[in-house]
Each structure stands twice: as C-alpha cells, then as structure tokens.
Amino acid sequence: MVQKRKTFFAILIIIGFVIGLHILRVLTPIENIFSSILQWTSRPFNSFAAYLHTRKEVNTDIDQMIQEILSLKQSFKQNEVDAVALRLLKEENEELRKQLTFFSSHNFEHIGADVIGRTVDPLGTTIIINRGIQDGISKDNPVVVGNGILIGSILKVDKHSSIVRLINDNNSKIGATIMNNEKSIGLIEGGYGLGVRMNFIPQNEIISPGDTVITSGLTTGVPRGLIIGKVEVVEKHPYEPFQQAVINSTADLAHITAVSVITQVFIESEG
Amino acid sequence: MKKIIDVLLSIFLSFLLVILHIAFLNILPSPLNALNTIFSIIVLLIIVTNSGKVVWISFFVYFLLDIYSSTPFGTNLFAGTLTTLVIYWFHKDIFTNQSLLSTFVITAAGLVVFRLMYTCINLFYKDFLWSDLFIAYGWEIVCTVIVALILHTLFFIISKKMRPSFIK
C-alpha cells in the first residue's frame with residue numbers, strides 16, 4: 001500500500017513537472033516536432049474522410065439532382081436581379097455617406113489554410129489548420145470559408161498550426177447583426193456542437209425566419225459584414241426582455257477542408 | 001542496448017497509437033468515431049503484459065494527445081496516465097485473470113474514471129450540455145468495450161494457435 005502511494009505521488013510529481021515545463025515553454029521545440037509529425041500523418045486520413053464525404057454527396061438520385069439544378073438556376077436568376085438592385089443601393093449609400101462625411105470602409109488581410117484534422121475532444125467543435133504563428137496568425141483571428149462566411153475563430157496557435165473554435169462550440173461568442181429593418185444586434189453563441197443561437201435580441205424588434213445574419217463588428221478582431229447564416233426559428237416570450245433565434249449556419253461546419261484566416265483589419269478613410 | 005531499443009520501441013508504439021486514434025476519429029462515421037482506440041489497446045497491453053511499463057507508454061501517448069488537443073495542456077496527460085495506473089492496479093489486485101469479463105470491467109470502469117477526471121478538469125474552463133456529453137461518453141464506452149473485447153479474443157486465439165503444442 002505504501003509502495004502504491006509512493007508510485008502514485010511520483011507519477012503525479014512527474015506530470016506536474018512536465019506541465020510546468022510546458023508552461024515555461026521549455027518543451028516547445030519538442031512539442032513542435034511531435035506536432036509536425038502528427039499533422040503530417042493525420043493529413044491523408046483527413047483527406048480520405050473528405051473524399052468519402054464527397055462520394056456520399058455525389059451518389060444521389062438523378063431526379064433529385066435535376067431538381068437541384070432547376071432550383072439553382074432559379075436562384076441564380078434571382079441573384080442577378082438582386083445584384084443590380086444592390087449596385088444601385090450601394091451607389092446611393094455611398095453618396096449619402098459622402099454627404100454625411102462618414103466613411104467606414106474596412107479592408108482586411110487574410111491567409112489561406114487547409115484543415116488537417118479535428119481535435120480529439122468528445123464534442124468535436126474544433127478543427128486544426130496548417131498555419132500558425134510563423135504565418136502571422138494570432139489568437140482570436142476570425143476564420144472564414146467561401147466568400148466571407150464566418151465559421152469560427154482561432155483558439156490556440158502553435159508555430160506551424162492552429163486550433164479553430166467553430167461557431168457551434170459552446171464557448172463561442174460573436175457579436176452579430178440581423179439584416180432586418182431594424183438591423184437588430186445580438187450575440188451568436190454556440191449550442192454545444194448542435195447548432196448556433198443568437199441571444200439578447202431586443203424584444204420589440206421584428207425578426208423573421210430567412211433573415212440573413214452577419215457579424216456586427218462589435219467583437220474585437222472580427223470585422224463587420226461576414227456572413228454567419230440565416231434565421232431558422234424565432235423564440236419570443238412576452239415576459240422576457242430579449243428574444244432568441246436559432247441560426248442555420250451557411251457553412252457546413254461538419255465538413256470543412258479549406259479556410260481563410262483574417263489576420264488584420266485595416267480601417268480606411270476616404271477624402 | 002536492449003533498454004534503449006525498448007524505449008525507442010515504446011516511443012514508436014505511442015506514436016502509432018495516437019495516429020491510429022486520430023485516423024479512426026476522422027474516417028469512421030458518427031457515432032462510431034467516439035471509439036477510444038488508445039484506451040482499448042492500453043487495456044489489452046495491461047492484460048497481456050501485466051507490466052507497469054504500460055503506464056509509461058500511456059504517459060507518452062497522452063502527452064502527444066495533449067499537444068493535439070484543444071483542451072488545456074495536461075488534461076489528457078493527468079487523466080489518462082492516472083487512469084492507466086488505476087486500471088493497472090485494478091488488474092493486478094482484483095481482476096487478476098485474463099478473461100473477457102476482466103477486459104470488460106477494466107475497460108468500462110477505466111473509461112468512467114478517465115472521463116470523470118477529464119470532465120472535472122474541464123469544468124474550470126468551460127461549461128457543458130450534460131445530456132450531450134453523457135451521450136458522447138456513453139457511445140465511447142460502448143464502442144471501446146466492444147473493440148477491447150474483440151481485440152482480446154483475437155489476441156488470445158492467435159497466441160493460442162502459435163503455442164508449440166499446436167505447431168508440428
């Protein structure tokens with residue numbers, strides 16, 4: 001029994017010692033080497049998993065594919081009309097901004113990265129990318145896919161890799177705006193890997209399913225205008241000061257293969 | 001010289017375990033990707049070798065896992081290494097035989113201990129949706145126990161067949 005107690009405390013001390021060395025960054029060179037080896041070996045498995053998922057998507061009914069093509073053609077036509085209206089609105093908006101002497105156009109620097117795996121946490125709401133400190137990435141940098149669709153932010157940075165916390169992680173909190181008449185603001189919070197909710201929306205503002213949600217720019221480091229998703233369900237209780245909405249993320253958070261990290265936000269002023 | 005080769009082999013085995021675990025995590029569909037490959041193999045090693053060396057292998061394995069994990073460094077290392085020590089003692093003093101029941105009990109009890117310690121440490125850093133977590137842990141225990149039992153059966157069938165009395 002005494003021997004067991006000695007062994008237990010000896011192991012505890014060794015674990016504490018290793019954690020101490022990690023905190024003092026003494027183990028960083030060794031950790032970087034091991035991390036590189038693990039990422040190099042996990043990359044083919046991640047690619048294979050993405051390939052399997054693609055094959056699953058391709059094997060659909062022909063009728064279903066035809067339906068999808070027809071629906072996409074309709075959306076494309078609608079988008080062309082919207083693009084013209086948007087251009088007119090944008091010109092009008094620019095003129096008004098000049099008149100009010102209020103310019104706030106933002107420009108930002110970003111870097112592309114590949115997703116090389118998922119972390120080993122049970123709820124799986126974090127991913128690993130192959131860019132790190134050496135590439136100019138820092139903690140809390142926003143991460144996007146496609147044309148500026150926000151999927152998360154940098155949680156942890158190593159020399160050559162980083163861990164991204166997805167927006168459906170329960171510790172993810174990002175300021176957002178709904179593209180309704182009132183431009184309602186709220187807080188996007190993850191739902192423990194299940195989905196995304198927007199909380200603290202003022203009770204008196206009207207939001208509808210289908211409204212687009214974008215970043216409000218109120219979260220440090222996250223520029224305004226990044227698409228998050230669309231409102232799916234509105235939850236409103238008369239006795240509560242705020243209403244909530246369930247948001248359907250535009251990006252498929254379960255299958256991401258390539259991302260862009262916004263490393264710097266430039267604020268430009270005109271005139 | 002033999003000791004150096006032993007140490008190098010242990011390091012290599014640890015890397016292999018972690019790579020296998022990450023591979024299954026990525027390839028298997030949900031909920032099968034809840035399988036804790038590392039734990040099932042560690043249990044098999046304890047039952048087959050009955051050696052305390054497995055605790056040091058698990059120390060290195062969970063060190064590697066902590067590098068790869070988004071949880072604070074030391075979470076997997078602390079929980080995993082101490083759990084391996086506990087199940088080693090469990091096997092040495094209580095379930096001392098190499099039966100399927102021993103494998104079943106050691107794997108299930110070990111995982112409960114591991115996830116208890118893991119969750120307690122993580123409570124300082126994040127909050128959980130408990131129902132979701134218990135479902136994830138439940139699937140992990142089911143998948144890992146099944147795989148541990150399969151590995152146990154396969155190992156003992158193969159090792160039995162390799163005995164000199166079977167080879168003529």
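Small disclaimer: the values here were computed from a predicted structure and weren't measured.

A.B. asks: In this structure, what is going on with the overall build of chain A? I would like to understand it.
C.D. replies: In terms of regular secondary structure, chain A is built from 3 helices and 12 strands. Every one of the 271 residues in chain A was classed for burial, and the buried ones make up 36%. Counted over contacts in chain A with a minimum sequence separation of 6, partners at least 24 positions apart contribute 54%. When the accessible surface of chain A is totalled, it reaches about 16100 Å², and 59% of it is carbon and sulfur.

A.B. asks: Got a minute to help me understand the interface of chain B and chain A in this structure?
C.D. replies: Accessible area lost during the coming together of the parts is what is often quoted as the interface size. Counting from both sides, the interface comprises 42 residues of chain B and, opposite them, 41 residues of chain A. Together chain B and chain A conceal approximately 3800 Å² of surface at their shared face, both sides included; 75% is due to carbon and sulfur atoms. Across the contact surface, chain B and chain A share 1 salt bridge. B:D93 is the salt-bridge partner of A:K4, the closest N and O atoms lying 2.2 Å from each other. In terms of residue count, helix 3 (residues 53–68) of chain B provides more of the side of chain B that touches chain A than any other element does, 10 residues in total. Tallied by class, residues from the side of chain B that touches chain A come to 29 nonpolar, 7 polar and 6 charged.

A.B. asks: Quick question: what am I supposed to make of the packing of helix 2 (residues 37–49) of chain B against helix 5 (residues 100–122) of chain B here?
C.D. replies: Two packed helices can be described by the angle between their axes and the distance between those axes. All names here are of chain B. At a minimum axis distance of 10 Å, the contact between helix 2 and helix 5 shows a crossing angle of 130 degrees. On the basis of the axis angle, helix 2 is oblique to helix 5. For the pair helix 2 and helix 5, the crossing hand works out as right-handed. Contacts from F39, V43 and I47 in helix 2 reach S102, T103, I106, T107, G110, L111 and F114 in helix 5. In terms of residue class, the contact of helix 2 with helix 5 is built from 6 nonpolar, 4 polar and no charged.

A.B. asks: Is there a simple way to think about the pairing of strand 3 (residues 142–145) of chain A in this case?
C.D. replies: Side chains on a regular strand alternate between the two faces of the sheet. All names here are of chain A. Burial along strand 3 is two-sided: the face carrying P142 and V144 and the face carrying V143 and V145 are both buried. In this structure, strand 3 lies alongside strand 4 (residues 149–157), joined through 4 bridges in antiparallel fashion. By the bridge assignment for strand 4, V145 is matched with I149. Between strand 3 and strand 4, which pair antiparallel in sequence order, lie 3 residues; one of them, G146, sits at a positive phi of approximately 55 degrees.

A.B. asks: How should the pairing of strand 10 (residues 227–235) of chain A be read in this particular structure?
C.D. replies: Residue and element names in this part refer to chain A. As defined by bridge partners, strand 9 (residues 212–215) adjoins strand 10 across 3 bridges and the pair is classed as antiparallel. Across the sheet, the residue bridging to T212 is K230, located in strand 10. Relative to strand 11 (residues 242–249), strand 10 is paired through 6 bridges, and the arrangement is antiparallel. In the strand pairing of strand 11, V231 is matched with I247.

A.B. asks: Looking at this model, I keep getting lost on the nonpolar core. Mind explaining?
C.D. replies: One recurring pattern in soluble globular proteins is that nonpolar side chains are buried together. The biggest cluster of nonpolar side chains holds 50 residues, and the ones touching the most others in it are A:L38, B:V18, B:I38, B:F63 and B:L64. When contributions to this core are tallied by element, the ones reaching two or more residues are helix 1 (2–23) and helix 2 (28–58) of chain A together with helix 1 (2–27), helix 2, helix 3, helix 4 (75–93), helix 5 and helix 6 (130–161) of chain B. In terms of residue count, the dominant contributor to this core is helix 3 of chain B (12 residues). For this core, the two domains that each supply at least three residues are domain 1 (2–41) and domain 2 (106–265) of chain A. Not counting residues up to four positions away in its chain, the partners in contact with B:F63 are A:V18, A:L27, A:E31, A:F34, B:F73 and B:L77.

A.B. asks: Would you mind going over a nonpolar patch on the surface with me for this structure?
C.D. replies: All names here are of chain B. Together, I135, W139, V142, I146, I150, L154, I157 and I158 line one region of the surface with nonpolar side chains, adding up to about 740 Å² of accessible area. Among the structural elements, W139 can be located in helix 6. Given a relative accessible area of 39%, W139 falls into the partly exposed group.

A.B. asks: When you look at unusual backbone geometry in this model, what are you seeing that I'm missing?
C.D. replies: Negative phi values dominate among residues other than glycine, just as trans dominates among peptide bonds. Residue and element names in this part refer to chain A. The backbone of D140 sits at a positive phi, close to 75 degrees, despite the residue not being glycine. Mapped onto the elements, D140 comes out in the loop between strand 2 (126–129) and strand 3. Residue F200 is not a glycine yet carries a positive backbone phi of 60 degrees. Mapped onto the secondary structure, F200 falls in strand 8 (residues 196–202).

A.B. asks: How should empty space enclosed by the protein be read in this particular structure?
C.D. replies: Space left empty within the atom packing is revealed by a probe, the size of a water molecule, rolled over the atoms. Counting across every chain of the model gives 3 cavities of 30 Å³ or more. The computed volume of the second largest cavity comes to approximately 60 Å³. Lining the second largest cavity are A:S35, A:L38, A:Q39, A:I128, A:D158, A:S161, A:S162, A:I163, B:I67 and B:Y68. If you list the elements that add at least two residues to the lining of the second largest cavity, you get helix 2 and strand 5 (162–166) of chain A together with helix 3 of chain B. Grouping the amino acids of the lining of the second largest cavity by side-chain chemistry returns 5 nonpolar, 4 polar and 1 charged. If you count residues domain by domain, the lining of the second largest cavity takes at least three from each of domain 1 (2–41) and domain 2 (106–265) of chain A.

Cut-offs used in this document
- Residues numbered from 1 in each chain as written.
- Chains lettered and ligands numbered in written order.
- Predicted model: local features only at pLDDT ≥ 70, side-chain atom pairs only at ≥ 80, totals over all residues.
- Heavy atoms only, no water.
- Helix = DSSP H or I, 4+ residues; strand = E, 2+ residues; numbered from the N terminus.
- Buried < 20%, exposed > 50% of the residue type's maximum accessible area, 1.4 Å probe, protein only.
- Contact = heavy atoms within 4.5 Å.
- Areas by Shrake-Rupley, 256 points an atom, 1.4 Å probe, with all protein chains shown as cover.
- Buried area = accessible area lost by both parts, 1.4 Å probe.
- Salt bridge = Lys/Arg side-chain N within 4 Å of Asp/Glu carboxyl O.
- Nonpolar A, V, L, I, M, F, W, Y, C, P; charged D, E, K, R; others polar.
- Axes fitted to C-alpha atoms, helices over the stretch in contact; angles between N-to-C directions.
- Parallel < 35°, antiparallel > 145°, perpendicular 65-115°, else oblique.
- Left-handed = near helix turned anticlockwise from the far one by under 90°.
- Pairing = 2+ DSSP bridges.
- Core = buried A, V, L, I, M, F, W, Y, C linked by side-chain atoms within 4.5 Å.
- Domains from an automatic or database assignment.
- Patch = residues over 30% accessible without salt bridge, like charges linked within 9 Å, V, L, I, M, F, W, Y side chains within 5 Å.
- 1 Å grid on protein atoms, 1.4 Å probe; cavity = no way out; pocket = protein on both sides within 12 Å on 5 of 7 lines; lining within 4 Å.
- Points joined across faces, edges and corners; volume = space filled by probe spheres on them.

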